[in-house]
Amino acid sequence: MQKFNASINFDHRLVDQDIRCSQAHAKMLGKQGIIKQGEAERIVQGLESILDEIKKGDFVLKPELEDIHMNIEARLAELIGPLAGKLHTARSRNDQVVTDLRLWLREKVDELVPAIENLQLSLLKQAENNIGTIMPGFTHLQCAQPITFAHHLMAYMCMLQRDKDRLLDSKKRLNESPLGSAALAGTSFPIDSDYTAKLLGFDRPIRNSIDGVSSRDFALEFLSTAAICATHLSRLADEIILWSSSQFDFIKLSDCYTTGSSIMPQKRNPDAAELVRAKTGRINGALITLLTVLKGLPLAYSKDLQEDKEPVFDTVETLAIVLEAMNGMVNDLKPLPQQMAASAAVGFSTATDLADRLVKIYQLPFREAHKIVGQIVILAEQRSCQLSELPLEMVQTIFPQMSEEDLASLTVEGSIESRTSIGGTSTKRVKEQITYWKEILS
Ligand code: ARG
């Protein structure tokens, strides 16, 4: 039972938060006259020396003491004697543990936000250097329309900004103090929950003590945000894997983020990108884990809630390293502009441009123009040539008014520069985006 019941193997991470939470509680007990001021001071001091022991690596965790809260209280008793027993007045481990977890997660959110920002800055740097780097834009992983590398990277910029916004927004709900909820019903001692909330940097005490000890949607919200962010990163990771393959040959990854093969000397495997892609499974799993723990769980505290911590810890650690790896990869990768541009021209990527031109010049309905260009594409396929290389007479058998100029206008560059709608791939619009992100990130 001891082995099964214990959480110390993982909740030792909450040690700093637990001590700060206890210090705030002790100060409040002293201020309210629930214990004597001098007693409060000795408790706060005792807890401070435990912090020192931890920093020096002298604090020994005892698995038989179940969790971090019991471990610290036991050590406090060794240091200051039976007075330590007064610390737990007007409090329960139920409000204590969830206060600790909120404090811990708040700090980690504050670390993850700049980690996302670093990746955004690397994307911005690559985009600035690649405003003129032409690449194929894909739909269905088939060459669809020419775009620029900068334009493509800026799409990830937008996703990451929303991830960051979601994280920051979740803090509004995360940052309420459950301390004072006690076991579930509150306490008969004249505590001051506003005071402890303030000492611990919370916006306010939580409004309902039952909610205080039993809700974990702050953690769910973090995990869902992390899952969305990891999912975004997995898409970029997958593209990096494709782009760096010899079949695409769009980018070269730095040696720092690839590995060799033990049998094939020519290999440069994109391991870092593959791991980023795969770690998404683990983060998504954490979200499902906690959703499942909470599903149908009656109020208020049940031991089930001890299972809230590992998915959160693991996700924070995983997302942090995934962001760091992705940042390194994006920062170091070298685009291969010639191969990219060559690939942008194949697969009739300017067919839409021809259809658009028929609409603009000959006032055809778009559907009609689409059909005509479809037939012209079949011709080009049969002759294994580009649209612009088709003999005019041949094209005129399908659309008699077609001019030499119509066909000649089908360059990849022209196609890119023509897409001037907001958010489009033209240089002007991409530069606008870059200017915008520079300002946001500065
Ligand atoms: N280790 C426990 C947890 O993580 C602390 C709270 C224990 N509360 C209780 N009523 N047994 O949830």
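Just so it is clear, the model here is predicted, and its values are computed rather than measured. (Residues numbered from 1 in each chain as written. Predicted model: local features only at pLDDT ≥ 70, side-chain atom pairs only at ≥ 80, totals over all residues. Heavy atoms only, no water.)

S.K.: Explain the side chain of R91 to me, please; I cannot follow it from the model alone.
M.R.: As for its placement among the helices and strands, R91 is situated in the loop between α5 (68-80) and α6 (93-129). Buried R91, no salt bridge; nearest opposite-charge side chain is E73, N-O distance 4.5 Å. A polar contact is formed between the side chain of R91 and the side chain of S22, at a distance of 2.9 Å. A distance of 3.2 Å separates polar atoms of two side chains, one belonging to R91 and the other to H88. (Helix = DSSP H or I, 4+ residues; strand = E, 2+ residues; numbered from the N terminus. Buried < 20%, exposed > 50% of the residue type's maximum accessible area, 1.4 Å probe, protein only. Lys, Arg positive; Asp, Glu negative; His and termini not counted. Salt bridge = Lys/Arg side-chain N within 4 Å of Asp/Glu carboxyl O. Polar contact = N/O pair within 3.5 Å; in protein donor to acceptor, adjacent residues only side chain to side chain.)

S.K.: Help me out: how do you make sense of the site of the ligand in this one?
M.R.: As a structural note, the neighbourhood of the ligand is formed by S7, D67, H69, R93, N94, V97, Y301, Q306 and K309. At 3.0 Å from a nitrogen atom of the ligand is found a side-chain nitrogen or oxygen belonging to D67. Y301 places a polar side-chain atom, nitrogen or oxygen, 2.5 Å from an oxygen atom of the ligand. For the ligand, the accessible surface in isolation is 340 Å², of which the surrounding protein chains cover 85%. Sorting elements by how many residues they give to the shell around the ligand places α6 first, with 3 residues. (Near = heavy atom within 4 Å. Areas by Shrake-Rupley, 256 points an atom, 1.4 Å probe, with all protein chains shown as cover.)

S.K.: Sorry if this is basic, but what is going on with helix α15 (residues 366-383) here?
M.R.: An α-helix turns once every 3.6 residues. As a result, residues three or four positions apart point the same way. With 18 residues, α15 ought to run about 26 Å at 1.5 Å a step, and its terminal C-alpha atoms sit 26 Å apart, in line with that. Every buried residue of α15 is listed here: A369, I372, V373, I376, V377, L379 and A380. Taken around the axis of α15, the buried residues stretch over an arc of 155°, which confines them to a single face. Turned more than 90 degrees off the buried face of α15, the exposed positions are R367, K371 and Q382. The secondary structure elements touched by the buried residues of α15 are α14 (351-362) and α16 (392-396). Two residues or fewer past α15, S384 is found with a positive phi of approximately 50°. (Expected span 1.5 Å × (residues − 1). Arc of directions from axis to C-beta. Contact = heavy atoms within 4.5 Å.)

S.K.: Mind showing me how you'd approach a nonpolar patch on the surface here?
M.R.: A cluster of nonpolar residues, L184, I210 and L299, forms a patch on the protein surface that exposes about 270 Å² of accessible area. Judged by its relative accessible area of 65%, L299 falls in the exposed class. (Patch = residues over 30% accessible without salt bridge, like charges linked within 9 Å, V, L, I, M, F, W, Y side chains within 5 Å.)

S.K.: So what exactly am I meant to see when it comes to the packing of α14 against α15 here?
M.R.: The relative placement of two packed helices is expressed as an angle between their axes plus a distance between the axes. In contact at an axis separation of 8 Å, α14 and α15 are set at 135° when each is read in the N-to-C sense. Relative to α15, the element α14 lies oblique. Considering the relative orientation of α14 and α15, their crossing is right-handed. The residues of α15 that touch α14, namely those facing A351, L354, A355, D356, L358 and V359, are F366, A369, H370, I372, V373, I376 and V377. Looking at side-chain class alone, the contact of α14 with α15 contains 11 nonpolar, 1 polar and 1 charged residues. (Axes fitted to C-alpha atoms, helices over the stretch in contact; angles between N-to-C directions. Parallel < 35°, antiparallel > 145°, perpendicular 65-115°, else oblique. Left-handed = near helix turned anticlockwise from the far one by under 90°. Nonpolar A, V, L, I, M, F, W, Y, C, P; charged D, E, K, R; others polar.)

S.K.: Please explain the packing of aromatic side chains as it appears in this structure.
M.R.: Here a ring pair, both rings aromatic, is described through the centre-centre distance and the interplanar angle of the planes. One pass over the full model with this rule turns up 6 aromatic pairs. Among the aromatic residues, ring-to-ring pairing joins F138, F248 and F250 into one connected group. Of note, K31 hangs over the ring of Y195, and the distance from its end group to the ring centre comes to 4.8 Å. One residue, R106, lies across the ring of F202, its end atom 5.2 Å from the ring centre. (Phe/Tyr/Trp six-rings, centres within 6.5 Å; stacked < 30°, edge-to-face > 60°. Lys NZ or Arg CZ within 6 Å of the ring centre and 35° of its normal.)

That's the geometry; what it means functionally is another story.
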